[in-house]
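# Close look at the chain arrangement
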Amino acid sequence: MKPVYILNDNIITSLGFTTAENASSLDSGIIGIRTINDQEFYPGQIQLSLVDTVQLDLKFSAVLKVYQKNIPADSFTRLEKLFILSIHDVIKDHIVIAKNARTLLVISTTKGNINLLENRFKAIFSHKRLYLWELGRIIRQFFGFVNTPVIISNACISGVVAVMTATRFLQSGAFDHAVVTGGDIASEFVISGFQSFQALSTKPCKPFDLNRTGLSLGEGCGTMLLSTISGTAEVSPVRIAGAATTNDANHISGPSRTGEELSHAIKTVMKQAMVEPGQISYISAHGTATSFNDEMESKAVELSGLAHVPLNSFKGYWGHTLGAAGLVESVAAVFSLRNNTLYRSAGFEIPGVSAPVNVITTNHPASLTSCIKTASGFGGCNAAIIYQKD
Amino acid sequence: MNRIITAYSVLHDNKVIVNGRLLFYQENITKFADFVKAVFKQEQFSYPKFYKMDSISKLGFLAAELVLKEKTIAGYSPLEVGMVMSNSSSSLDTDITHNETINNRSAFFPSPSVFVYTLPNIIIGEVCIRHRIKGENAFLISETFDGNLLCDYVDELFNNERVAACLCGWVEVLGDRNTAMVVLVENSEQSQVSERSGLKPMLFNAENLNFIMKRN
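Residues numbered from 1 in each chain as written. Chains lettered and ligands numbered in written order. Predicted model: local features only at pLDDT ≥ 70, side-chain atom pairs only at ≥ 80, totals over all residues. Heavy atoms only, no water.

## Looking at the overall build of chain A
A tally of regular secondary structure across chain A gives 11 helices and 16 strands. The C-alpha atoms of chain A give 19 Å as radius of gyration, which agrees with the globular expectation for 390 residues (21 Å, within 12%). Counting every position in chain A, which comprises 390 residues, the buried fraction comes to 65%. A sequence separation of at least 24 residues applies to 79% of the contacts in chain A between residues at least 6 apart. Per element, the accessible surface of chain A, about 13100 Å² overall, is 54% carbon and sulfur. Side-chain charges in chain A split into 31 positive and 30 negative, and the spacing between the mean points of these groups amounts to 5 Å. (Helix = DSSP H or I, 4+ residues; strand = E, 2+ residues; numbered from the N terminus. Rg over C-alpha atoms; globule rule 2.2 N^0.38 Å. Buried < 20%, exposed > 50% of the residue type's maximum accessible area, 1.4 Å probe, protein only. Contact = heavy atoms within 4.5 Å. Areas by Shrake-Rupley, 256 points an atom, 1.4 Å probe, with all protein chains shown as cover. Lys, Arg positive; Asp, Glu negative; His and termini not counted. Charge placed at Lys NZ, Arg CZ, Asp CG, Glu CD.)

Below you can see the structure in the form of structure tokens.
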């Protein structure tokens, strides 16, 4: 089967507009989750990781000029701006790739332009904009992608499923390149829903910690350029060596009690990559900081024989970015691999899960060869993907 | 290896077709809720959770239930069976319901039992719970039914040995407009086509998916 390489990537979160900017914040230990008290946005005080709107609009206007688009910037929604900026950063040096018939575009999102249901946006944007395929059409048209995008909406594993889907279509030879992007925005819609579940923490979230009280929501976008052709020599090539999903078949809003199903996905990707648990250098966990998720995940990690492997959750830095999470956190994990750096799991102080997991407590250099990224979500879904250096 | 559609169901416009035969039709029903309830009762399904589901889950649940009544998946281990669904409007029907609970600041009462259904893949979760399906799952969005995409996606699952059987299809609900189609796909050598209905072997390909969707 053809190996699939990651040629370029981008992350946009509260911590920056490129992978390098985000990594630099991780290096400095900066956390992007803030207390927000904006009555127009949400009736109550809330912890959120938000992308800087002034910077977003400035950068977006600049990109409009690059593509010689004679369209006002405010005719695009916040989410569309995030997607376009993120994709632009990834393909700006490979611009012909977008217009190649052998390039696939895969888009991951849980809620798309859901904020357009709010009364304040109804007069500005058409109802059609709420449809995820319309979001896909706008992104496709902006860059001139030849093929209709594949759109994945599978709760919090959407981003990992998107990378997996692109990988399989590249391995089968159906396409040579894929742009895989995942994005979601913070909205009253989603905040109110998680709040009704009493799933939100009143402090920045603390994945795997004894005193964790819930998740922090975030927004952002992550993008990868994948190819069956190995990258240039200046970056150490990283490829996708396996990917799988499973379902708990247990409960629609609570994870498995045993972690067996996530563990099955983890074991499957190790088998696909032909590696033993001892050869895994690092785990980028889902780690939402809800009581049940982290508990289940720690059991799954232990069941997979990976309790010794250094593990972190990036959600303590930029919150849970939902449909973006699988992409954003994968890009951060791949950055860690390339740069032989392990980042501390922000918010973690005292071990607070029943299975022994090796949570990273300080940023430090380490020799890394392979990384497993996991994700789980509503609907009982689990996903695992493995990134490996050549 | 050839893959075969071993059973299918289509629910649309107050009509239910299973493996090509008309199972249910009532001309005078105007409400979606009445349609799904009538089908549930006629088939004498017993599953109290059904009444808690949102519209899209109810419709998808019925479509899967009817398929698996025709052709059992009991011979497979839970991890060998996958489910891949698609639609056009994601969970917009329930999104609108959730939004109605929050769009007025003086009546701000979001409910977890509504919010949990504001994701399209919840229908997959419901069917997985009902039938102990634990394999690959994904929900894809396209403007209109895309038999090629669905077929390509599921073919890759078989090619990569991630599934030995897979439910796949389309489930779309917006207000009282609704369409669901679910097919069961199996490897040809392991599959025995339903004797009860006498469904002629149909290759699993985009052409046949489009045919099932349009003819019914």
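Next comes the rest of the description.
## A short note on the sheet that holds strand 3 (residues 46-49) of chain A
Picture the strands of a sheet paired through backbone hydrogen bonds; they go either parallel or antiparallel. With mixed pairing, the three strands of this open sheet are ordered in space as 2-3-7 (chain A). Looking at the sheet topology across the chains shown, the edges are occupied by strand 2 (33-36) and strand 7 (217-218) of chain A. (Pairing = 2+ DSSP bridges.)

## Concerning the environment of A:Leu116
All names here are of chain A. Examined against the element boundaries, Leu-116 turns out to sit in the loop between strand 4 (103-108) and helix 4 (119-122). Among the residues examined, Leu-116 registers a relative accessible area of 5% and is labelled buried. Each C-alpha atom of the pair Leu-116 and Ile-91 lies 28 Å from the other, and the pair is 25 residues apart in sequence. Excluding anything up to four places from it in sequence, Leu-116 contacts Thr-77, Phe-121, Lys-122, Phe-125, Arg-129 and Leu-130.

## Description of the interface of chain B and chain A
If you look at the interface, chain B gives 50 residues, while chain A gives 54 residues. For the chain B and chain A pair, buried surface summed over both sides reaches about 4200 Å², with 62% attributable to carbon and sulfur atoms. Inspection of the region where chain B meets chain A yields four salt bridges. Listed by contribution, the elements that provide at least two residues to the side of chain B that touches chain A are helix 3 (92-100), helix 4 (112-115), helix 5 (122-131), strand 5 (137-141) and helix 6 (147-159) of chain B. A total of six residues in the side of chain B that touches chain A trace back to one element, the largest contributor, which is helix 5 of chain B. Tallied by class, the residues present in the side of chain B that touches chain A amount to 25 nonpolar, 15 polar and 10 charged. For strand 5 (residues 150-152) of chain A and strand 5 of chain B, the ladder comprises two bridges, and the chain directions are antiparallel. Residue A:Ile151 lies in a different strand from strand 5 of chain B, and its bridge partner there is B:Ile141. (Buried area = accessible area lost by both parts, 1.4 Å probe. Salt bridge = Lys/Arg side-chain N within 4 Å of Asp/Glu carboxyl O. Nonpolar A, V, L, I, M, F, W, Y, C, P; charged D, E, K, R; others polar.)

## Remarks on the side chain of B:Asn178
Residue and element names in this part refer to chain B. Relative to the helices and strands, Asn-178 resides in strand 7 (residues 177-187). Its relative accessible area of 9% is what places Asn-178 among the buried residues. Among the polar contacts made by the side chain of Asn-178, one reaches the main-chain carbonyl oxygen of Asp-176 at a distance of 3.0 Å. Sequence-distant contacts of Asn-178, that is, excluding residues within four places in its chain, are made with Leu-11, His-12, Asp-13, Phe-32, Phe-35, Leu-59, Glu-172 and Val-173. (Polar contact = N/O pair within 3.5 Å; in protein donor to acceptor, adjacent residues only side chain to side chain.)

## A word on empty space enclosed by the protein
One pass over the full model with this rule turns up four cavities of 30 Å³ or more. Of the volumes computed, that of the largest cavity is approximately 100 Å³. Every residue lining the largest cavity is listed: A:Thr110, A:Lys111, A:Ala155, A:Cys156, A:Val190, A:Phe194, A:Leu322, A:Phe378, B:Phe115, B:Thr118 and B:Leu119. If you add up the space inside the second largest cavity, you get close to 60 Å³. (1 Å grid on protein atoms, 1.4 Å probe; cavity = no way out; pocket = protein on both sides within 12 Å on 5 of 7 lines; lining within 4 Å. Points joined across faces, edges and corners; volume = space filled by probe spheres on them.)

## Side note on the layout of surface pockets
Where empty space is left can be seen by rolling a probe of water-molecule size over the atoms. Of the voids in this model, the largest pocket is the one considered here, and its volume is about 680 Å³. Looking at the lining of the largest pocket, the elements that each hand over two or more residues are helix 6 (158-171), strand 9 (238-247) and helix 8 (260-272) of chain A.

## So, the domain arrangement of chain A
Residue and element names in this part refer to chain A. The domain architecture assigned to chain A consists of domain 1 (4-227) and domain 2 (238-389). Placing the centre of domain 1 and that of domain 2 at their C-alpha centroids yields a distance of 21 Å. At the junction of the two partners, domain 1 supplies 67 residues and domain 2 supplies 63 residues. Between domain 1 and domain 2, roughly 4900 Å² of surface is buried when both sides are summed, and carbon and sulfur atoms account for 70% of that area. Connecting domain 1 to domain 2 are two salt bridges. The residue Asp-294 makes a salt bridge to Arg-212 at a minimum N-O spacing of 3.6 Å. For the interface between domain 1 and domain 2, the tally reads 23 residue pairs in polar contact (both at pLDDT 80 or more). Mapped onto the side of domain 1 that touches domain 2, the elements with two or more residues apiece are strand 1 (4-12), helix 1 (19-28), helix 6, strand 6 (177-184), helix 7 (188-196), strand 7 and strand 8 (220-227). At 10 residues, the largest contribution of residues to the side of domain 1 that touches domain 2 is made by helix 6. (Domains from an automatic or database assignment.)

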